[in-house]
Amino acid sequence: MALNIPKDHDYMQLPSTKAAERYIKEQASSEDFARYDDLSTRNFLSTDSEFLYCQSPGCNSGQMHDTSTEGYIFRCAECGYRHCTSCKVAFHTDETCAQYQERIEREREEELRIQKEQEEASLIEVNKVSVACPGCGANIQKSDGCDHMTYS
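Just so you know, these numbers come straight off a predicted model, no measurement behind them.

1. Quick word on the packing of aromatic side chains
What characterises a pair of aromatic rings is the spacing of the ring centres plus the angle enclosed by the ring planes.
Phase 1: Scanning the model with the defined rule gives two aromatic pairs in all.
Phase 2: Geometrically, the ring pair formed by phenylalanine 51 and tyrosine 53 is edge-to-face, given 5.0 Å between the ring centres and 85° between the ring planes.
Phase 3: Classification of tyrosine 53 as partly exposed rests on a relative accessible area of 23%.

Written out as structure tokens, the structure is:
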């Protein structure tokens, strides 16, 4: 947003937020002001812990949600998407938050185990098909040609 504001302008002279908003509206294009207004509104709403935005991709809606009375399931009034306000993910149907967290931890541990097995198998294969370079010790593999090797 490019505002035409004099360099010697004292922003503190603006008497109120409304006056500042009017001034920005006068100086900015309608498109830039609409973006400013949207961001200002989002900034204000983010100060309220009970206001939540929908987590669905493509939905920009938000609403008040009091977990103490409404529970951990947030259902967007605009698109119907449900997410868990405790786990901060799409709602985990048929699982409590504790069950969901346990499952995620088991899956993460399984992924790490598989990754470690694959790395070990890769290292075994590298050691099987290569020899150590006499100059630097790095694993090398001869693919074709004579045995002459130069090292730089």
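2. Overview of the sheet that holds strand S5 (residues 89-90)
Phase 1: Sheet architecture is open: three strands sit in the order S3-S4-S5, paired in antiparallel fashion. In the strand order of this sheet, the two ends are held by strand S3 (73-75) and S5, each with one partner.
Phase 2: As defined by bridge partners, strand S4 (residues 82-84) adjoins S5 across two bridges and the pair is classed as antiparallel. Note that in S5 the partner of cysteine 84 across the bridge is valine 89.

3. Structural notes on the pattern of salt bridges
Phase 1: Applying the stated criterion to the full structure yields seven salt bridges.
Phase 2: Residue arginine 113 pairs with glutamate 110 through a salt bridge whose shortest N-O separation is 2.4 Å. Remark: glutamate 110 and arginine 113 occur in helix H4 (residues 97-129); sequence separation between them is three residues, near one turn of the helix.
Phase 3: Of the residues examined, glutamate 110 reaches a relative accessible area of 35% and is grouped as partly exposed.
Phase 4: Of the charged contacts in the structure, one is a salt bridge between arginine 113 and glutamate 117, with a shortest N-O distance of 2.3 Å. With a gap of four residues between them, arginine 113 and glutamate 117 both fall in helix H4, about one helical turn apart.
Phase 5: On the basis of relative accessibility, which here comes to 38%, the residue arginine 113 falls in the partly exposed class.

4. Things to note about the packing of helix H1 (residues 17-27) against helix H2 (residues 30-45)
Phase 1: One way to put it is that H1 packs onto H2 with a least axis distance of 8 Å and a crossing angle of 150°. Between H1 and H2, the angle falls in the class roughly antiparallel. Of the two elements, H1 crosses H2, and the hand of that crossing is right-handed. Together, Glu21, Ile24 and Lys25 of H1 and Phe33, Tyr36 and Asp37 of H2 make up the contact between the two elements.
Phase 2: Across the contact of H1 with H2, the residue classes tally to three nonpolar, no polar and three charged.

Calculation notes
Residues numbered from 1 in each chain as written. Predicted model: local features only at pLDDT ≥ 70, side-chain atom pairs only at ≥ 80, totals over all residues. Heavy atoms only, no water. Phe/Tyr/Trp six-rings, centres within 6.5 Å; stacked < 30°, edge-to-face > 60°. Buried < 20%, exposed > 50% of the residue type's maximum accessible area, 1.4 Å probe, protein only. Pairing = 2+ DSSP bridges. Helix = DSSP H or I, 4+ residues; strand = E, 2+ residues; numbered from the N terminus. Salt bridge = Lys/Arg side-chain N within 4 Å of Asp/Glu carboxyl O. Axes fitted to C-alpha atoms, helices over the stretch in contact; angles between N-to-C directions. Parallel < 35°, antiparallel > 145°, perpendicular 65-115°, else oblique. Left-handed = near helix turned anticlockwise from the far one by under 90°. Contact = heavy atoms within 4.5 Å. Nonpolar A, V, L, I, M, F, W, Y, C, P; charged D, E, K, R; others polar.

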